[in-house]
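Residues per chain, in single letters:
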Amino acid sequence: MNVLVINCGSSSLKYQLINSDSEAVLAKGLCERIGIDGSRIVYQPAGGEKEVTESPMPTHQQAIQLVLDALMNEKTGVIKSLSEVEAVGHRVVHGGEKFAKSVVIDDEVLAAVEACNDLAPLHNPANLIGIRACQELMPGVPMVAVFDTAFHQTMPEKAYLYGIPYKYYEEDQVRRYGFHGTSHSFVSKETAAFLGKNVEDMKIIVCHLGNGASLSAVDHGKSVDTSMGLTPLEGLIMGTRSGDLDPAILEYLGKKHNMDLPALMNMLNKESGVYGLSGDLSSDFRDLEDAAAANNPAGIRARNAFNYRVIKYIGAYAAAMNGVDAIAFTAGVGENDALVRKDICANLGYLGVEFDEEANNVRGKDALISKPSSKVAVVLIPTNEELAICRETVALV
Ligand code: AMP
């Protein structure tokens, strides 16, 4: 079955056409600057050159039409007609407490996703626009919503409640939801499979370290805690997001610099993290590594603070699960930055981690990076959210 996987943002749209039998990506790409001047579509068929075409796309529907046209292009297309797209899998950011699993999309589901818009005002409306545009252009094709929050719905109350008046949970649904769920689910399962074990028999900590970063504690296949919260701002120090901080900082800085709440939130989301810590040097770990190698203290302090926060969360999740069998690194930083992995694992000896520096010189493929005798297995497992969405879609249609 061919599954079109769509990840729709407010002005961009990423897509992949995947054959679910071979799990091969037939074509992939993205539309950028939808609704803005200078929009363009990037299209790359498997084994072919990347094509970039400037083309007006005032709406998401026009963007998706261009994607379908590219997939069916006589010369570079990978399908002959629309009937070869047999299902569509949509990434949806927030499913609130309503969705603990992926679902086939119908009118009731759309209404329930819309009801979660307040919880993710930047993302859910864009996801809905993408779904509706696909429904218009591909009537009758089954569509599935795969939620970033769903995997974490198994968290117990003690992990998802904040220490604020309970009425804010009851009346306003303020609680930890967690994100990157598709990745945490995929990587925890792949970790167990790679180690020749059953995920239901294991305690796994997944470190999803990318521009956005989160950790999860996966106990016998179920997420029991995760570092992101009501929004993706909580937890680790990220590319440009602050992660955890004393909430009173908002009042203190607001008064001192005459900043209102939108300005403070912008600072925490866009100007903080390793970017802010490095004095605006970069949010990209490659730049920070180069800077650190040149003894630039800005690069060193940003990386050290980032690593330290991950180390603390690993300790917390080992405690939460009363043990850990495997720790998995994934996403842009986790898959590519051997030094980050090494520096984090240097502090995990107390858990029985025996790190293998030689095996750690690896990038972008499943690998064991601890010694065979290590009490806790440390692995590198590349994440693949599109494939995970494709698998979920096939399972439901
Ligand atoms: P993601 O959000 O998972 O796509 O991760 C993107 C981030 O991964 C970038 O901002 C970089 O910080 C990091 N990254 C990508 N490639 C490398 C690399 N070769 N070495 C170190 N960090 C990398």
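Quick look at the structure, then. Quick caveat, the model's predicted, so the values are computed rather than measured.

1. Some words on the environment of G181
Step number 1: Counting through the fold element by element, G181 comes out in helix α6 (residues 181-194).
Step number 2: Since its relative accessible area comes to 1%, G181 is described here as buried.
Step number 3: Each C-alpha atom of the pair G181 and Q135 lies 25 Å from the other, and the pair is 46 residues apart in sequence.
Step number 4: When sequence neighbours within four positions are dropped, the list of residues in contact with G181 reads D148, F151 and H152.

2. Structural notes on the sheet that holds strand β4 (residues 40-45)
Step number 1: Sheet architecture is open: 8 strands sit in the order β5-β4-β3-β2-β1-β6-β8-β7, paired in mixed fashion. Either end of the sheet is taken by a strand with one partner, and the two such strands are β5 (51-54) and β7 (103-104).
Step number 2: Packing of helix α3 (residues 124-137) onto the sheet brings it into contact with β1 (2-8), β6 (87-92) and β8 (143-147), and relative to β6 it is tilted by some 170°.

3. Things to note about the pairing of strand β2 (residues 13-19)
Step number 1: Among the 7 residues of β2, 6 are classified as buried, and the element is accordingly described as predominantly covered.
Step number 2: Pairing between β1 and β2: 7 bridges, direction antiparallel. Pairing of V3 across the sheet is with I18, part of β2.
Step number 3: With antiparallel pairing between neighbouring strands as the criterion, β1 and β2 make up a hairpin whose turn holds 4 residues.
Step number 4: The pairing of β2 with strand β3 (residues 24-32) spans 7 bridges and is classified as antiparallel. Bridge pairing in β3 links I18 to V25.

4. Focus: the packing of aromatic side chains
Step number 1: Applying the stated criterion across every chain yields a total of 5 aromatic pairs.
Step number 2: Between Y166 and Y169 the ring centres are 5.6 Å apart and the planes differ by 45°, which places this aromatic pair in the tilted class.
Step number 3: Residue classification places Y169 among the buried positions, given a relative accessible area of 14%.
Step number 4: Among the aromatic residues, those joined into a cluster by ring pairs are Y160, Y166 and Y169.
Step number 5: Across the ring face of Y160, the terminal group of R175 is positioned such that the distance to the ring centre comes to 3.7 Å.
Step number 6: Over the face of the ring belonging to Y177 we find R175, whose NZ or CZ atom lies 4.9 Å from the ring centre.

5. A look at the side chain of S55
Step number 1: By the secondary structure assignment, S55 is in the loop between β5 and α1 (60-71).
Step number 2: A relative accessible area of 17% places S55 in the buried class.
Step number 3: Beyond its immediate sequence surroundings of up to four residues, S55 is in contact with S39, R40 and L66.

6. Describing the site of the ligand
Step number 1: Neighbouring the ligand are the residues G210, N211, S283, D284, F285, R286, A331, G332, V333, N336, D337 and R363.
Step number 2: A distance of 3.5 Å separates an oxygen atom of the ligand from a polar atom in the side chain of D284.
Step number 3: Interatomic distance of 3.4 Å between a backbone N/O atom of V333 and an oxygen atom of the ligand.
Step number 4: Of all elements in the fold, only α10 (285-293) and α12 (331-336) reach the threshold of two or more residues within the shell around the ligand.
Step number 5: Of the residues belonging to the shell around the ligand, the class tally is 3 nonpolar, 5 polar and 4 charged.

7. Observations regarding the sheet that holds strand β9 (residues 203-209)
Step number 1: Across the sheet, 6 strands lie side by side as β11-β10-β9-β12-β14-β13; this open sheet has mixed pairing. Of all the strands in the sheet, just β11 (222-226) and β13 (367-368) have a single pairing partner and so form its edges.
Step number 2: Alignment of strand β10 (residues 213-219) against β11, held across 4 bridges, turns out to be antiparallel. In the strand pairing of β11, D219 is matched with K222.

Thresholds applied
Residues numbered from 1 in each chain as written. Predicted model: local features only at pLDDT ≥ 70, side-chain atom pairs only at ≥ 80, totals over all residues. Heavy atoms only, no water. Helix = DSSP H or I, 4+ residues; strand = E, 2+ residues; numbered from the N terminus. Buried < 20%, exposed > 50% of the residue type's maximum accessible area, 1.4 Å probe, protein only. Contact = heavy atoms within 4.5 Å. Pairing = 2+ DSSP bridges. Axes fitted to C-alpha atoms, helices over the stretch in contact; angles between N-to-C directions. Phe/Tyr/Trp six-rings, centres within 6.5 Å; stacked < 30°, edge-to-face > 60°. Lys NZ or Arg CZ within 6 Å of the ring centre and 35° of its normal. Near = heavy atom within 4 Å. Polar contact = N/O pair within 3.5 Å; in protein donor to acceptor, adjacent residues only side chain to side chain. Nonpolar A, V, L, I, M, F, W, Y, C, P; charged D, E, K, R; others polar.

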